[in-house]
Amino acid sequence: MASNRLAALPLLPTTVVGSYPQPGWLVDHDALMKAGVPRVRAGGIWRLAGDELAEGQRDGAVLALHDMERAGIDIVGDGEAGRESYSNQFATALDGIDLVKPGNTIGRTGENTPVPRVVGKIRRTRPVVIDAVRFLRGQTDRPIKVTLPGPFTMTQQAMNEHYANDADLAMDYAAAVNEELLAVFAAGADIVQLDEPWMQARPEIAREYAVAAINRALQDAPGTTAVHLCFGYAAMVKDKPSGYSFLPELDATSADLISIEAAQPGLDPDGLAALPSKKIMVGVIDLNDPKPETPELVAQRLRAALKVLPADRIVAAPDCGMKYLSREVAFAKLKAMVDGARMVRAEL
């Protein structure tokens, strides 16, 4: 059934990377900005608690899905409405983590950041996002994409006090991710995406074991898989390089899709030729610009990618997750992306 949904997609399908703005009645946006991108639990951002929080998170997912469908997005998600960040929900649900006393590490922007402290063997002992996937699958007939934090990024976002080296830690994170990934597909996901922004931040370390860890996480995947690479949320990282320090290496992964940020950094599309075996989720929406793109600008960005890649290898997407935008701006940007993709599709 999943393959049928994906087979029915048009050329240049549109999708989201992951997150979407959470409603103000669900999340305290001032507290969210102060928390940055939390690596440990950040329960203080929620305005609800207990059963009301669980209900509110489901309602938030429905609102995000409704906006995506209303904008015309082809491959939808739940906006990660029930998450505090893209990584901490899963990373803190595993055995081997001390949830009482976190560790610290230096973040991508140089700040000292509380992170999970690894004190034992990393194991997945329970489902983490499966209920949310089943709920989303029951809300829409469109293809759905579900995101999980990648094993390399979780390793870089942790303080290792148990494993002899970080490569071994990454492989156990990968095994845990793989268990969740297989369950996510069984719950109805059409695409599962690993979020791996830290490969760009620490390319030398990534070259040692990131590809092996990603391939272990994707092992035996029964459906379409993706890996997302970016320079960090626009709300946190304003100045971005125009090229990736770790990109051609991803052609050696078993992922079907590679998702890259391209609009805000003005990425030279010629670099996409370094991934000859992959379809590319091309970032055509700049999340640092508070003004929504016009469909013409989106079309221009897609035409630039088409000079390097055939249309059947391109998926249009925002640069990254959209949670730090206002809902009004996020929706307008998605609508412009859909309209711009339709313009270019009509030219093919």
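### Focus on unusual backbone geometry
- The phi torsion at L12 lies on the positive side, around 55°, for a residue other than glycine.
- The buried category is assigned to L12, whose relative accessible area is 0%.
- Positive phi, close to 50°, is recorded for E80, a residue that is not glycine.
- Along the polypeptide, E80 turns up in the loop between α3 (50-71) and α4 (88-91).
- Owing to a relative accessible area of 6%, E80 belongs among the buried residues under this scheme.

### Concerning empty space enclosed by the protein
- Evaluated as defined, the whole model comprises two cavities of 30 Å³ or more.
- Estimates place the volume of the largest cavity at around 50 Å³.
- Around the largest cavity sit Y20, P21, Q22, P23, G60, L63, A64, D78, G79, A81 and R327, which together line it.
- Of the residues forming the lining of the largest cavity, the biggest block, three residues, is contributed by α3.

### Re the pattern of salt bridges
- A full pass over the atoms with the stated rule returns 18 salt bridges.
- Across the pair R124 and E179 runs a salt bridge whose closest N-O atoms are separated by 3.7 Å. With a gap of 55 residues between them, R124 in the loop between β2 (112-123) and α5 (130-137) and E179 in helix α7 (residues 166-186) connect regions that are remote in the sequence.
- Judged by its relative accessible area of 17%, R124 falls in the buried class.
- The closest approach of N and O atoms between E180 and R124, which form a salt bridge, is 2.6 Å. In this pair, E180 sits in helix α7 while R124 sits in the loop between β2 and α5, placing the two residues 56 residues apart along the sequence.
- Overall, E180 belongs to the buried group, its relative accessible area being 0%.
- Residues joined in a network through salt bridges with shared partners are R5, R137 and D190.

### Focus on the packing of aromatic side chains
- Under the definition given, this model contains one aromatic pair.
- Their ring planes at 50° and their centres at 5.4 Å tell us that F152 and Y209 sit as a pair that is tilted. With F152 in helix α6 (residues 151-156) and Y209 in helix α9 (residues 203-217), this residue pair connects regions lying 57 residues apart in the sequence. Of the two residues, F152 and Y209, both sit in the buried class.

### Here we look at the layout of surface pockets
- Size it by volume and the largest pocket reaches roughly 720 Å³.
- Looking at the lining of the largest pocket, the elements that each hand over two or more residues are α3, α5 and β3 (145-149).
- Per-element tally for the lining of the largest pocket: the top contributor is α5, with six residues.

### Brief notes about the sheet that holds strand β4 (residues 159-160)
- Within the open sheet, the three strands sit side by side as β1-β2-β4. Their pairing is mixed. Either end of the sheet is taken by a strand with one partner, and the two such strands are β1 (95-106) and β4.
- Inspection of the sheet shows β1 paired to β2 by seven bridges, in the antiparallel sense. In the sheet register, G103 faces β2, and the bridge partner there is V115.

### Observations concerning the sheet that holds strand β5 (residues 191-195)
- Spatially, six strands are ordered β3-β5-β6-β7-β8-β9 in an open sheet, and the strand pairing comes out parallel. Among the strands making up the open sheet, the edge pair consists of β3 and β9 (314-318). Across the sheet, the mean angle from the axis of one strand to that of its neighbour is 25°, orientation sign disregarded.
- Two elements, β5 and strand β6 (residues 224-229), share five bridges in a ladder whose sense is parallel. Following the sheet pairing, D195 is matched in β6 by H228.
- Across the sheet, helix α11 (residues 327-347) lies against β8 (279-285) and β9, angled at about 160° from β9, the strand it touches most.

Cut-offs used in this document
- Residues numbered from 1 in each chain as written.
- Predicted model: local features only at pLDDT ≥ 70, side-chain atom pairs only at ≥ 80, totals over all residues.
- Heavy atoms only, no water.
- Buried < 20%, exposed > 50% of the residue type's maximum accessible area, 1.4 Å probe, protein only.
- Helix = DSSP H or I, 4+ residues; strand = E, 2+ residues; numbered from the N terminus.
- 1 Å grid on protein atoms, 1.4 Å probe; cavity = no way out; pocket = protein on both sides within 12 Å on 5 of 7 lines; lining within 4 Å.
- Points joined across faces, edges and corners; volume = space filled by probe spheres on them.
- Salt bridge = Lys/Arg side-chain N within 4 Å of Asp/Glu carboxyl O.
- Phe/Tyr/Trp six-rings, centres within 6.5 Å; stacked < 30°, edge-to-face > 60°.
- Pairing = 2+ DSSP bridges.
- Axes fitted to C-alpha atoms, helices over the stretch in contact; angles between N-to-C directions.
- Contact = heavy atoms within 4.5 Å.

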